[in-house]
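Spelled out from the first residue to the last, the chains are:
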Amino acid sequence: MTNFFFDLTHNNPDRFFLIAGPCVIEDLDTSLGIAKYLKQVTSDLGIPYIFKASYDKANRTSVQSFRGPGPERGLEILKQIKTELNIPVLSDIHLPDQAEKSARVLDIIQIPAFLCRQTDLILAACRTGKPVNIKKGQFLAPADCRNIVEKAESTGNRDIAITERGTCFGYNNLVVDFRSIQILRELGLPVIFDATHSVQLPGGSGNASAGERQFVAPLARAAVVCGAHGLFMETHPDPDKALCDGPNSIPLSQMKNLLTHLVNIRKVAGQSL
């Protein structure tokens, strides 16, 4: 029996893997274009790559916010990207009854940070047998993730990863405590660092979240040095026009230089991890 996350981390000990794509599926052409570009860049750099996009962002700030095409059309688009480019795809689910249908297409199921303590959701995702990436809630201490892992592994699924994405720091702000990477690694699971949601300013624009994308690169560099097994980044050809999380998304044109820099850092830092 293969273990997706184990294979990523142990077969590539000197490399981080990348989960990246737009926050939400806006349309097929945009999503496919991003995926094609990132596949080429990561192939050139030797970075294992997983395409990410949400088909339904149920946890938006405002009821007027764009949520995506929904499960039916969204999964069709993800299936087309997966088939055409031969790359694994990831998306998040928000309700237990979405797990089985999503698992028919997704290679990895993701649990959103706000929902990381929802027992029924975690159990449903893990019972599909698919790899599951659980994002640590902004309200949790890293050591508290042990309880989440116990829930997940109670299903017999051991293909689990935990993603650090910042911690609430007063109102409308997040802060990253890089001790978290080491604490989470001690759980014995792959640890991913979400470099773009960590610079989000939740609800910072009143009816939408704001963000400070200028801090994505330094936080990503720190995570690579601290031993994160994987990086999570949201990117868009024109973040200022993105329909979701544009303020904390990286312009697609900047991804190659950023990833090249991070690979070089890992080559040096990896020797001491």
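Structure: see above.
In this report, the structure presented in the accompanying data block is examined. Since this is a predicted model, take the numbers as computed values, not measurements.

To continue, consider helix α9 (residues 255-269). For α9, spanning 15 residues, the distance from its first C-alpha to its last is 21 Å, which sits close to the expected 21 Å at 1.5 Å a residue. Every buried residue of α9 is accounted for by Met255, Leu258, Leu259, Leu262, Val263, Ile265, Arg266 and Ala269. Mapping the buried residues of α9 onto a view down its axis gives an arc of 165 degrees, with all of them on the same face. Exposed residues lying more than 90 degrees from the buried face of α9 are Asn257 and Val268.

According to the stated counting rule, one finds three aromatic pairs in the structure shown. Relative to Phe5, the ring of Phe4 lies with its centre 5.6 Å away and its plane at 85 degrees, an arrangement referred to as edge-to-face. Since its relative accessible area comes to 25%, Phe4 is described here as partly exposed. The class of Phe5 is buried, set by a relative accessible area of 0%. Every member of this aromatic cluster is reached through a ring pair, and the members are Phe4, Phe5 and Phe17.

Another aspect to go through is the pairing of strand β2 (residues 49-52). What you see with β2 is no split at all: Tyr49 and Phe51 on one side and Ile50 and Lys52 on the other are buried throughout. Relative to β2, strand β1 (residues 17-21) runs parallel, the two sharing three bridges. Among the inter-strand pairings, Ala20 is bridged to a residue of β2, identified as Phe51. This β-α-β element, β1 to helix α2 (residues 28-45) to β2, shows right-handed connectivity. Pairing geometry for β2 and strand β3 (residues 89-92), over two bridges, is parallel. Within the sheet, the bridge partner assigned to Phe51 lies in β3 and is Val89.

Given a rise of 1.5 Å per residue, 18 residues ought to cover 26 Å, and the 26 Å separating the end C-alpha atoms of α2 matches this to within 8%. Listing the buried residues of α2 in full gives Leu28, Ser31, Leu32, Ile34, Ala35, Leu38, Val41, Thr42 and Leu45. Where α2 is buried, its residues contact β1, β2, α3 (71-85), β12 (230-236) and α9. Trailing α2 by a residue or two, Gly46 shows a phi angle of about 75 degrees, which is positive.

Reading the values: rules and limits
Residues numbered from 1 in each chain as written. Predicted model: local features only at pLDDT ≥ 70, side-chain atom pairs only at ≥ 80, totals over all residues. Heavy atoms only, no water. Helix = DSSP H or I, 4+ residues; strand = E, 2+ residues; numbered from the N terminus. Expected span 1.5 Å × (residues − 1). Buried < 20%, exposed > 50% of the residue type's maximum accessible area, 1.4 Å probe, protein only. Arc of directions from axis to C-beta. Phe/Tyr/Trp six-rings, centres within 6.5 Å; stacked < 30°, edge-to-face > 60°. Pairing = 2+ DSSP bridges. Right-handed = clockwise from strand over helix to strand, strands pointing away. Contact = heavy atoms within 4.5 Å.

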